[in-house]
Amino acid sequence: MKVVFLETDTLGEDVDLSIFQEFSEVIKYNKSEPLLNAERAAQADILVVNKVPMDESTLYKADKLKLICITGTGTNIVDFTYTNKRSIAVANVKGYSTNSVVQHTFALLFYLYEKLNYYDNFVKSGDYVKSDIFSRFDIKFNELYGKTWGIIGLGEIGRGVAKLAEAFGCRVIYYSTSGKNVNTEYERVDFNTLLTNADIISIHAPLNSDTENLIDEDSLQKMKNTAILLNLGRGPIVNEEALVKALETNKIAAAGLDVIKVEPMTPDNPLLRIKDSNKLIITPHIAWATVEARQRCVQEVYENMKAFLHGEKRNIVKG
């Protein structure tokens, strides 16, 4: 049984992959090489990938391939029409990053909500040394207690955020992008109600036809001008040009993004126009990537392989 990793760099050099040594042969390529991926995939009984497109252009030579293991939750890299026709199973990983993404959601929120960039610079610039009072009141910030936190996508991560938001005294409301999610613990509302009522909106939804461009100019116009938008779902859920316009015109207060439309960022991304870190913080898709989460991801990939080889359909996705 030959296992081929096409892009181990997406897991990090510090992650221990030794658990895969029990397989007869393991081949590890550190990064995707578009001109070589098809040849590399041709060697595999099991293929481990993250961003490489799993379609005919990559898999047409992979005659032995039985299973594709994705080191992430999203499966939009897969052409399921093609893989299903070839009877190639696809497995993703699910719960490995929940704690990390919930944690990062609040890291982005507090950086913006408490104006930490401004106050950190105030001290480090030497202005605090010159101050005649012990505190500072020129840039205002508020308590979370009593605010309304709107969640788009109340899956496992969304529920984790909701639980902590409640602990800070927030009223939690949510919008189901599919219309199928019913959770009696929290108040489900329609999209317009969430936009107009929420002080903080955090996105934890997958990218699909229901969510692509969901936060557009019209949506942003409906939000409070004091609202903070957080996107920890997928980049194309937010229209980036519309978001920049909303930030430049103070239509919303701030935004925290861990995902953007094209990753890595391209030089022409409109978000680069916003230089004020009090209005916008962007992290490079790291919410999932704590040391612990990356190791859990690897463990779950291993367990998916073992289950598949024992005839079990653990985390198998049909598309």
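Read on for an overview of the structure. The structure presented is a predicted model; accordingly, all values stated were derived computationally and were not measured. (Residues numbered from 1 in each chain as written. Predicted model: local features only at pLDDT ≥ 70, side-chain atom pairs only at ≥ 80, totals over all residues. Heavy atoms only, no water.)

### Points about the pairing of strand β4 (residues 67-70)
Using the following cut-off: Burial classification: accessible surface area is computed with a 1.4 Å probe over protein chains only, and a residue below 20% of its type maximum counts as buried, one above 50% as exposed, and the rest as partly exposed. A run of H or I in DSSP becomes a helix once it reaches four residues, and a run of E becomes a strand once it reaches two; helices and strands are each numbered from the N terminus. When DSSP finds at least two bridges between two strands, those strands are taken to pair. Crossovers are marked right-handed if the path from the first strand over the helix to the second runs clockwise, as seen with the strands pointing away from the viewer.
Side chains Leu67 and Cys69 project from β4 onto one buried face, and the interleaved Ile68 and Ile70 project onto a second face that is buried too. Alignment of strand β3 (residues 46-49) against β4, held across 4 bridges, turns out to be parallel. Bridge assignment links Val48 to a residue of β4, and that residue is Cys69. Across 3 bridges, β4 lies against strand β5 (residues 89-91) in parallel orientation. Of the residues in β5, the one forming a bridge with Ile68 is Val90. Taken together, β4, helix α3 (residues 80-85) and β5 form a β-α-β motif whose crossover is right-handed.

### Examining the pattern of salt bridges
For the record, the criterion: Just to be clear on terms, a salt bridge is a Lys or Arg side-chain nitrogen sitting within 4 Å of an Asp or Glu carboxyl oxygen.
Applying the stated criterion to the full structure yields 15 salt bridges. Residue Lys2 is joined to Glu25 by a salt bridge in which the shortest nitrogen-to-oxygen separation is 3.6 Å. Separated by 23 residues along the polypeptide, Lys2 in strand β1 (residues 2-5) and Glu25 in strand β2 (residues 25-28) bring together distant segments of the chain. Overall, Glu25 belongs to the partly exposed group, its relative accessible area being 36%. Across the salt bridge formed by Arg273 and Glu241, the nearest N and O atoms sit 3.2 Å from each other. You can see Arg273 sitting in the loop between β11 (254-257) and β12 (280-282) and its partner Glu241 sitting in helix α10 (residues 240-248), a full 32 residues away along the chain. Its relative accessible area of 43% is what places Arg273 among the partly exposed residues. Given a relative accessible area of 42%, Glu241 falls into the partly exposed group. Among the ionic contacts, a cluster of salt bridges with common partners joins Glu241, Glu248 and Arg273.

### Structural notes on the packing of aromatic side chains
Short version of the rule: Between rings of Phe, Tyr and Trp, where Trp is taken as its six-membered ring, a pair exists when centres lie within 6.5 Å; planes separated by under 30 degrees are stacked, by over 60 edge-to-face, and by other angles tilted. The criterion is that NZ of a Lys, or CZ of an Arg, lies within 6 Å of the ring centre and within 35 degrees of the ring normal, and then a charge sits over that ring.
Using the criterion set out here, one finds 13 aromatic pairs in the structure. Measuring from ring centre to ring centre gives 6.3 Å for Tyr119 and Phe141, while their planes differ by 70°; the resulting arrangement is edge-to-face. Here Phe141 lies in the loop between α6 (127-130) and β6 (148-152) and Tyr119 lies in helix α5 (residues 116-124), a separation of 22 residues in the sequence. Take Tyr119: its relative accessible area is 16%, and that puts it in the buried class. Owing to a relative accessible area of 42%, Phe141 belongs among the partly exposed residues under this scheme. In textbook terms, an aromatic cluster arises when at least three aromatic residues are bridged by ring pairs, as seen for Tyr118, Tyr119, Phe122, Tyr128 and Phe141. The aromatic ring of Tyr29 is capped on one face by Arg40, whose charged end is 4.0 Å from the ring centroid.

The quantities given are spatial measurements derived from coordinates; they are silent on function.
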